[in-house]
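Here is how the chains run, residue by residue.
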Amino acid sequence: MFSDIGALELVTLIVLAVLVFGPDKLPKVVQDVSRFIRKVREFSDSAKEDIRSELGPEFKDFEFEDLNPKTFIRKQLDGNEDLGELKELRSTFDLRKEMNDVADAVNGREAAPAPAPSPAAAPAAAPAAVNGSAPDLMKKQDKPAAPERPPYDSDAT
């Protein structure tokens, strides 16, 4: 719980507690705080057990830490043989090319058909997009011609 508190910080907290509560009341305050923490832990544990019992026997191994998305994904991917396929798929995906294709589609330009890059050629494709052969998405594009507006119909509104 207090793994990130250093020795100097701990000494400062103790001196501050002695100054605030005084040496006479400090043991009673420490007792009350420890009793409160113990009751909160007991309440938390009983609530977890109640939830597990309500969920049924198929959730007997359920841990509340698994609700954290990082923990859940890590647990699902551990020991998974499909992880190699995922890494291969990730290496073939070129985000810059995909963004340029989307920008071309939005602006109504025809995308030049390009061969699918091999995993070894993927790093070589990135500098070509940086050198300016691909459209710059950060640059403000010219506005397309305004389409003709449909006639206004006051009865339709």
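Residues numbered from 1 in each chain as written. Predicted model: local features only at pLDDT ≥ 70, side-chain atom pairs only at ≥ 80, totals over all residues. Heavy atoms only, no water.

So, the confidence of the model for the protein chain
With 73% of its residues at a pLDDT of 70 or more, the protein chain has an overall mean of 76. Mean pLDDT across the elements of the protein chain ranges from a minimum in helix H5 (residues 122-130), with 47, to a maximum in helix H1 (residues 7-55), with 90. Across residues 121-130 the pLDDT falls below 50, and counting only partners more than four positions away or on other chains, this stretch makes seven contacts in the model. (pLDDT = per-residue confidence, 0-100. Helix = DSSP H or I, 4+ residues; strand = E, 2+ residues; numbered from the N terminus. Contact = heavy atoms within 4.5 Å.)

Here's the deal with the pattern of salt bridges
Counted under the stated rule, the structure contains four salt bridges. Of the charged contacts, one joins Asp32 and Arg35 as a salt bridge, the two residues approaching to 3.2 Å between their closest N and O atoms. In this pair, Asp32 and Arg35 both sit in helix H1, three residues apart, roughly one turn of the helix. According to the relative accessible area criterion, Arg35 is partly exposed, its value standing at 37%. Where Glu49 meets Arg52, a salt bridge forms, and the shortest distance between an N and an O atom there is 3.2 Å. Here Glu49 and its partner Arg52 are both found in helix H1, three residues apart, which amounts to about one turn of the helix. Since its relative accessible area comes to 46%, Glu49 is described here as partly exposed. (Salt bridge = Lys/Arg side-chain N within 4 Å of Asp/Glu carboxyl O. Buried < 20%, exposed > 50% of the residue type's maximum accessible area, 1.4 Å probe, protein only.)

Some words on a nonpolar patch on the surface
There is a patch of nonpolar side chains on the surface, built from Leu13, Leu16, Val20 and Phe21 and spanning about 380 Å² of accessible area. Checked against the element boundaries, Val20 lands in helix H1. For Val20, a relative accessible area of 57% puts it in the exposed group. (Patch = residues over 30% accessible without salt bridge, like charges linked within 9 Å, V, L, I, M, F, W, Y side chains within 5 Å. Areas by Shrake-Rupley, 256 points an atom, 1.4 Å probe, with all protein chains shown as cover.)

Thoughts on helix H4 (residues 95-107)
Taking 1.5 Å per residue as the helical rise, H4 with its 13 residues ought to reach 18 Å, and the 18 Å between its terminal C-alpha atoms agrees with that figure. The complete set of buried residues in H4 reads Asn100, Ala103 and Asp104. Relative to the axis of H4, the buried residues are bounded by an arc of 100 degrees and lie together on one face. Of the exposed residues in H4, those oriented more than 90 degrees away from the buried face are Leu95, Val102, Ala105 and Val106. (Expected span 1.5 Å × (residues − 1). Arc of directions from axis to C-beta.)

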